[in-house]
Amino acid sequence: MENLTMVLLRTLFSYFFLLILVRLMGKRELGKLSVFDVVISIMLAEMAALAIEDVDKPALRFYLPMLLIALLEVAFAYLSLKSKKFRDTVDGSADLIIENGQIREQAMRRNRLNMDDLMVHLRQKDVKSIADVEFALLEPTGQMSVFLKEQKDKVTREDLALMQKPQVGPVSYKGLPIPLILDGKVRTEALNKIGQNQLWLKREIRKYGIKDIREVSFCSIDERGIMYLDKKDKPLQ
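Residues numbered from 1 in each chain as written. Predicted model: local features only at pLDDT ≥ 70, side-chain atom pairs only at ≥ 80, totals over all residues. Heavy atoms only, no water.

**A look at the overall build of the chain**
For clarity, the cut-off: To qualify as a helix, a DSSP run of H or I must reach at least 4 residues; to qualify as a strand, a run of E must reach at least 2; elements of each kind are numbered from the N terminus. Burial classes follow relative accessibility: with a 1.4 Å probe on protein chains only, a residue under 20% of its type's maximum area counts as buried, one over 50% as exposed, and anything between as partly exposed. By definition in these notes, contact holds between two residues if any of their heavy atoms fall within 4.5 Å. Each accessible area value is a Shrake-Rupley result obtained with a 1.4 Å probe; residue values ignore everything except the protein chains displayed when judging cover.
Assigned secondary structure in the chain consists of nine helices and eight strands. Sorting the 237 residues of the chain into buried and exposed places 31% on the buried side. A separation of at least 24 residues holds for 56% of the contacts in the chain among residues at least 6 apart in sequence. Of the roughly 16,000 Å² of accessible surface on the chain, a fraction of 58% belongs to carbon and sulfur atoms.

**Thoughts on the sheet that holds strand E7 (residues 216–221)**
For clarity, the threshold we go by: Here, any two strands with at least 2 DSSP bridges between them count as paired.
Across the sheet, which stays open at both edges, the four strands sit in the order E6-E5-E7-E8 with antiparallel pairing between neighbours. What marks the edges here is a single partner per strand, and that holds for strand E6 (185–186) and strand E8 (227–231). Relative to E7, strand E5 (residues 178–182) runs antiparallel, the two being bridged by four bridges. Residue pairing for E7: Ile-181 is matched across the bridge by Cys-219.

**Remarks on the packing of aromatic side chains**
Rules: Within 6.5 Å between ring centres, the rings of Phe, Tyr and Trp (the latter by its six-membered ring) count as paired, and their orientation is classed by plane angle as stacked under 30 degrees, edge-to-face over 60, tilted in between.
Following the criterion strictly, the structure yields five aromatic pairs and no others. Seen in terms of ring centroids, Phe-13 and Phe-17 are 5.6 Å apart; in terms of plane orientation they differ by 15°. Their pairing is stacked. One end of the pair, Phe-13, and the other, Phe-17, are both in helix H1 (residues 2–25), four residues apart, so they sit about a helical turn from each other. A relative accessible area of 45% places Phe-13 in the partly exposed class. Exposure remark for Phe-17: the relative accessible area of 15% places this residue in the buried category. Note on Phe-17 and Tyr-63: the rings are 5.2 Å apart at their centroids and 70° apart in plane angle, and the pair reads as edge-to-face.

**So, the UniProt feature "transmembrane region" (unreviewed entry) in the chain**
Rule in force here: UniProt positions are given in the numbering used here, feature names are shortened, and annotations may be inferred rather than shown by experiment.
The positions UniProt marks with the feature "transmembrane region" (unreviewed entry) are residues 6–26, 33–52 and 58–79. Between the end C-alpha atoms of residues 58–79 the distance is 33 Å, and the span holds 91% helix and 0% strand.

**Thoughts on helix H9 (residues 198–206)**
Owing to its 3.6 residues per turn, the α-helix brings residues three or four apart onto one side. For the record, the criterion: Taking the helix axis as origin, the arc is that swept by the directions to the C-beta atoms. In protein, a polar contact means a hydrogen-donor-capable atom and an acceptor-capable atom, both N or O and within 3.5 Å, with residues adjacent in sequence counting only if both atoms are side-chain atoms; elsewhere, any N or O pair within 3.5 Å suffices.
Buried within H9 are the following residues: Trp-200, Leu-201, Glu-204 and Ile-205. The buried residues of H9 occupy an angular sector of 125° when projected down its axis, which confines them to one face. Elements in contact with the buried residues of H9: E5, E6, helix H8 (188–193), E7 and E8. One side-chain oxygen at the N-terminal end of H9 lies 3.2 Å from the backbone nitrogen of Leu-199; it belongs to Asn-197.

**Comments concerning the pattern of salt bridges**
So the rule is basically this: For this analysis, a salt bridge means a side-chain nitrogen from Lys or Arg found within 4 Å of a carboxyl oxygen belonging to Asp or Glu.
Tallying each qualifying case throughout the model produces six salt bridges. Taking the shortest distance from any N to any O, the salt bridge between Arg-104 and Glu-99 comes out at 3.8 Å. Accessibility expressed as a relative area gives 33% for Glu-99, which makes it partly exposed.

**Some thoughts on unusual backbone geometry**
Across the chain, the bulk of peptide bonds are trans and the bulk of non-glycine residues have phi less than zero. The phi dihedral of Asp-126 is positive, around 60°, even though this residue is not glycine. For Asp-126, the location among the structural elements is in the loop between helix H6 (115–124) and strand E3 (133–138).

Right, dumping it as structure tokens:
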């Protein structure tokens, strides 16, 4: 009975103690924590759990390290305000994933991001096609900021050049743009969905001056038959 009372008391104390520490460390919107914030949260939660479970050990053995961690967080936050280099080292910096409508494969590999992950991020931003994206940045929190291409009222030379690109024509399906090639590999099930085959796909990408499918990083087609194609970045010399 005595141990049960001690557990309940430590639970109440841990609850309010953590509330005070979180307020001390500052407000941060849920789902937008940096890697450093996640590590701190896990450590505090683990120590609070040990403080509740291990009633045979003095409470200060757990609460003093928690207080130290909170003070370190405050100190790091202050240093981050004063030094951008320190901030980038601790929290990381935003990385450009799509630039001027083109996928940056090196940035994708650096962030261990695959094409499926990229498409999920874009769909969460209500973006149907990569062709609509001007810039996309992966933030230190893991969230992606997406900037769409501006809609122009007047037809420019750039628009005329885009109009002259090969058009595939209507395809036999309705829905979101469907990826045909991911990381240089053909998605056979996607071709079957639009009623086409690899021979047709090879013929279409040749219109873009591409002879080998392995040169393609990403290729998709929408229900209007408009194809978006992104070539792999050339390796750095």
